[in-house]
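One-letter residues, chain by chain:
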Amino acid sequence: MGTMVNAARRAYHFAKRFAGVREPVDPNPFPIDAWTDPAYAAWFELHKASDEELECQRALSDDFEIKPTFSFIVPLYKTPLDYLRVMANSVLEQTYGNLQLVLVNASPELPALASAVHALEVCDSRVTVVTLEENLGITENTNAGLAAATGDFCCFLDHDDYIDTELLFEYVRAINDRPETDFLYCDEDLVLEDKKMGRFIHQNPFFKPDFSPELMLCKNGIIHLMTIRKSIIEKMPRPGAEFDGSQDYNMALFCSSAAREVCHVPRVMYHWRISENSTATNPDSKPYSLYSCRKAQAAHYDRNDIGAGIVSSGIYLLHNPWFRASEGKVSVVVDAQPWLNEPKDTRKPAFDALDQFSESFVQNNSHTDVEVLLVGHGMDPWRFGSGFRAVECTEDASRFARLNAGAARAAGDYLVFLDAGCFFDTPEPLEQLVGLCSLGGVGVAAPKTLYRNGRNKTYGVAVTSERIMPLYRGYEDDFPGYQCNLRALQNVSACGVQGLTVSRDLFEAVGGFDERFESEVGAADFCYRVLERGLRVAQTCTVKLRTSDVCPEHYFVSAENAPDFSESDIALFDEKWPGVREAGDPYYNTNLDQASGYCQVKRG
């Protein structure tokens, strides 16, 4: 994952330089997100547990009502002794001590490593050593460790990484708060060892969202230190060497789907060492991962009857589903009113925005069962050809009233909401939106929306204590974004209204759009009524919707670039949803600046 992010960023900036494109300068300085923030090392030191807190945790560890045992599975292969020492100490010094450290030695021919492993076993009864006759590959080595694990939960730790001392205490606290938790993970970062100073330099944090099933369809969003209830692992078909390089991803896909609850602890407690043999910096260290990653995805799609192929995102180890043609009629509800009164340019042919919309839709649409409803006041019912219908509304109808009026006349199984100033930039847009929307647990799907000039307009909406805000606004379309998330399916708390896709049954069940809203916040209100029913909102980058909206001049200035999220509508949202914003957005990590849509480190 570290390689994926760095390589994607380098490729993006190199392509710009090669093409002679100058990077943005003031008044639009490029946002420094958490991944590239040089102040992160100081942030980590400020937020890690103090010695006093660790002592308090040790004193409280016996007071938990639920006290599970954790088995750490660590495959060893030609492990440097200093790596072994750092890793083992980080486990054995946990403030919550009910644990087992299972060391699977696949290098018995190295006497120094065998001796060091034996010494750990002699010194601490919690250490179990499994010695293999030969290296069987990472998946089979892990299987051997699992066979020796006796804990209630199994944790998967790489031999060259380490964890913070409070990790298990935080996990046990989470399990006591939510006893049905079967799967846990935390935030992590990359570390570079400074041997002269005898310390690690922390950089490149992965501040992860809460569990996101649609993100997992594309990449391993959990990455390190999966912690899984052993009874869940035992239900999993025994994986073989074909998953080497993506064994964690394969297990995460199966076990997260089988888990009753997946818990994310938003603390940076896993540290991924940067070394020549680590995929953190060297993707060529495990070239077979490219194939095993797709195998893990394909197996997951088959298990869950997901009707999709797999397409490359252009980024290492990140692939998106490409949904096959979905059954059911689609009604495209188009707000045409703002374009009906558009002033005519007498210097141009009589070909206005509605003509452009209808022509581009016909050119781009491949769905065989679709109707288009153009909503406005004074529409000519005979103006457009087969498949297009005019829906009359009152002259003073609001934007959401117009969309509700179109939905009331729709005959489709799915509704897609557009306006007459936009067009799809990608193939099979309705198939992809409906395919995503029809996944189990998904209530709303939405495309990536672009400004007229191609810059990103909205790829998800975060609902935080500070703002209701569009994410990644102003980035160029091909920029990968934080953790490459602009190139992957996302779960979000809300989306914009342009391209919003929902089943007609669900739309009617939640009461349609609240017509009191005037801005994009009305779509967030709609999404929260969907979330209230236990369903998810998913955003896809495989569908791009080009709008007629003009990109703001200061497109990276969060305080200025979102006038379409009005303060009056946010006040109405807060009135309808008291306490929601204070609780935070589960898909926008609490360690990030809650007023910035660019995944920046929160100061202080």
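Located above this text is the structure these notes cover.
Here, residues in each chain are numbered from 1, in the same order as that chain's written sequence. Given that the model is predicted, a residue must reach a pLDDT of at least 70 before its local features are reported, and side-chain atom pairs must reach 80 or more before they are shown or counted; all residues, however, enter totals for whole chains, interfaces and linings. The basis for every side-chain value is the complete set of heavy atoms in the structure, and neither hydrogens nor water enter the calculation.

Focus: the overall build of the chain
Then step 1. Helix and strand definitions here come from DSSP, where helices need a minimum of 4 consecutive H or I residues and strands a minimum of 2 consecutive E residues; each element is numbered from the N-terminal end. Tallying secondary structure elements over the chain gives 19 helices and 23 strands in all.
Then step 2. Between the two quantities, the radius of gyration covers C-alpha atoms and the globule rule is 2.2 Å times the number of residues to the power 0.38. A compact globule built from 604 residues should have a C-alpha radius of gyration of about 25 Å, and the chain, at 26 Å, falls within 12% of that.
Then step 3. If you line up the chain on its principal axes, its C-alpha atoms span 90 × 55 × 50 Å.
Then step 4. Counting the 604 residues in the chain, one finds 59% classified as buried.
Then step 5. The contact criterion used is simple: two residues touch if any of their non-hydrogen atoms lie within 4.5 Å. A sequence separation of at least 24 residues applies to 77% of the contacts in the chain between residues at least 6 apart.
Then step 6. In this description, accessible areas are obtained by the Shrake-Rupley approach with a 1.4 Å probe, and a residue is regarded as covered only by the protein chains that are shown. Entry remark: accessible area of the chain is about 24800 Å², with carbon and sulfur atoms responsible for 51%. For every residue, the accessible area obtained with a 1.4 Å probe (protein chains only) is divided by the maximum for its type, and the residue is called buried under 20%, exposed over 50%, and partly exposed between those limits.

Focus: helix α11 (residues 289–303)
Then step 1. Its 15 residues place the ends of α11 21 Å apart at the C-alpha level, agreeing with the 21 Å of an ideal helix rising 1.5 Å per residue.
Then step 2. Of the residues making up α11, those classed as buried are Ser289, Ser292, Cys293, Ala296, Gln297, His300 and Tyr301.
Then step 3. As for α11, its buried residues are in contact with α10 (247–258), β10 (308–315) and β11 (318–323).
Then step 4. One or two positions beyond α11, positive phi appears at aspartate 305, with a value near 55°. Helix span is expected to be 1.5 Å times the residue number reduced by one.

Observations concerning helix α7 (residues 167–177)
Then step 1. Extensive coverage of α7 is indicated by the burial of eight of its 11 residues.
Then step 2. Among the residues of α7, those classed as buried are Leu167, Leu168, Phe169, Glu170, Tyr171, Val172, Ala174 and Ile175.

Let's talk about the packing of aromatic side chains
Then step 1. Between 30 and 60 degrees the pair is tilted, below 30 it is stacked and above 60 it is edge-to-face, where a pair is any two Phe, Tyr or Trp rings, Trp via its six-membered ring, whose centres lie within 6.5 Å. Considering all chains together, one arrives at 31 aromatic pairs under this definition.
Then step 2. When the centroid spacing of 4.9 Å and the interplanar angle of 70° are considered together, the rings of tryptophan 35 and phenylalanine 206 count as edge-to-face. Placement of tryptophan 35 in the loop between α1 (2–18) and α2 (40–47) and of phenylalanine 206 in strand β7 (residues 199–206) is noted, with a sequence separation of 171 residues between them.
Then step 3. Judged by its relative accessible area of 2%, tryptophan 35 is buried.
Then step 4. Overall, phenylalanine 206 belongs to the buried group, its relative accessible area being 0%.
Then step 5. On the numbers, 5.5 Å between centres and 80° between planes, the contact of tyrosine 475 with tyrosine 598 is edge-to-face. Of the two residues, tyrosine 475 sits in the loop between β20 (468–470) and β21 (490–492) while tyrosine 598 sits in the segment after α19 (580–583), which places them 123 residues apart along the sequence. There is no split in this pair, since tyrosine 475 and tyrosine 598 are both buried.
Then step 6. Three or more aromatic residues link up through ring pairs in this structure, and these residues are Phe30, Tyr472, Tyr475, Phe479, Tyr555, Phe556 and Tyr598.
Then step 7. Positioned above the aromatic ring of tyrosine 83 is the side chain of arginine 273, whose terminal nitrogen or guanidinium carbon lies 3.8 Å from the ring centre. Put simply, a charge is over a ring when the Lys NZ or the Arg CZ is close to the ring centre, within 6 Å, and near the line of the ring normal, within 35 degrees.

Some words on the side chain of arginine 229
Then step 1. Structurally, arginine 229 can be placed in strand β8 (residues 227–229).
Then step 2. Judged by relative accessible area, which is 18%, arginine 229 ranks as buried.
Then step 3. Polar contact is defined as a pair of N or O atoms within 3.5 Å, subject to the rule that within protein one atom must be able to donate a hydrogen and the other to accept it, and that residues adjacent in sequence are counted only when both atoms are side-chain atoms. A polar atom in the side chain of arginine 229 sits 2.7 Å from the backbone oxygen of threonine 181.
Then step 4. Those residues in contact with arginine 229, other than ones at most four positions away along the chain, are Asp152, Phe153, Pro179, Thr181, Asp182 and Arg260.

Some details on the packing of α10 against α11
Then step 1. The angle between two axes is taken between their N-to-C directions and runs from 0 to 180 degrees, where each axis is a line fitted to C-alpha atoms and a helix contributes only its stretch in contact. At a minimum axis separation of 8 Å, α10 and α11 run at an interaxial angle of 20°. The orientation of α10 with respect to α11, classified from their angle, is roughly parallel. Crossing angle aside, the handedness with which α10 passes α11 is right-handed. Here Tyr249, Asn250, Leu253, Phe254 and Ser257 of α10 lie close against α11, whose contacting residues are Cys293, Ala296, Gln297, His300 and Arg303.
Then step 2. Here the nonpolar group is Ala, Val, Leu, Ile, Met, Phe, Trp, Tyr, Cys and Pro; Asp, Glu, Lys and Arg are the charged ones; every other residue, Gly included, is treated as polar. Of the residues in the contact of α10 with α11, the class split is five nonpolar, four polar and one charged. Should an angle fall under 35 degrees it is taken as roughly parallel, and over 145 as roughly antiparallel, whereas 65 to 115 is taken as roughly perpendicular and any remaining angle as oblique. By the definition used in this description, the sense in which the near helix is turned from the far one sets the handedness, with an anticlockwise turn below a right angle giving left-handed and a clockwise turn giving right-handed.

Brief notes about the nonpolar core
Then step 1. Judged by nonpolar contacts, the single largest core of 67 residues is most densely connected at Phe70, Phe72 and Leu101.
Then step 2. The leading source of residues in this core is α7, at seven residues.
Then step 3. Each residue touching phenylalanine 70, except ones within four places of it in the same chain, is listed here: Tyr96, Asn98, Leu99, Gln100, Phe153, Cys155, Leu168, Tyr171, Val172, Ile175 and Thr227.
Then step 4. In this structure, Ala336, Tyr414, Val434 and Leu489 belong to the second largest nonpolar core, which totals 45 residues. The set of buried Ala, Val, Leu, Ile, Met, Phe, Trp, Tyr and Cys residues whose side-chain atoms join them within 4.5 Å is what this entry labels a nonpolar core.

Re the environment of tryptophan 577
Then step 1. Within the fold, tryptophan 577 resides in the loop between α18 (567–576) and α19.
Then step 2. Residue classification places tryptophan 577 among the buried residues on the basis of a relative accessible area of 12%.
Then step 3. Sequence-wise, tryptophan 577 and phenylalanine 206 are 371 residues apart; in three dimensions their C-alpha atoms are separated by 30 Å.
Then step 4. Apart from residues no more than four positions distant in its own chain, tryptophan 577 is found in contact with Asp525, Tyr528, Arg529 and Glu532.

Some points on the environment of serine 107
Then step 1. Relative to the helices and strands, serine 107 is located in the loop between β2 (99–105) and α5 (111–123).
Then step 2. Residue classification places serine 107 among the buried residues on the basis of a relative accessible area of 0%.
Then step 3. Placed 419 residues apart in sequence, serine 107 and phenylalanine 526 show a C-alpha to C-alpha distance of 57 Å.
Then step 4. When near neighbours in sequence (up to four residues on either side) are disregarded, serine 107 contacts Leu76, Tyr77, Lys78 and Leu113.
Then step 5. One polar contact links the side chain of serine 107 to the main-chain amide nitrogen of lysine 78, over a distance of 2.7 Å.

Regarding the environment of lysine 235
Then step 1. Tracing the backbone through its elements, the reader meets lysine 235 in the loop between α9 (230–233) and α10.
Then step 2. Remark: the alpha-carbon pair of lysine 235 and alanine 258, spanning 23 residues in sequence, is separated by 8.6 Å.

Concerning the side chain of glutamate 214
Then step 1. Looking at the secondary structure, you find glutamate 214 in helix α8 (residues 213–216).
Then step 2. Reaching out from glutamate 214, the side chain makes a polar contact with the side chain of arginine 536 at a distance of 2.7 Å.
Then step 3. Setting aside its immediate chain neighbours within four residues, glutamate 214 contacts Leu436, Leu439, Val442, Leu489, Asn491, Arg536 and Ala538.

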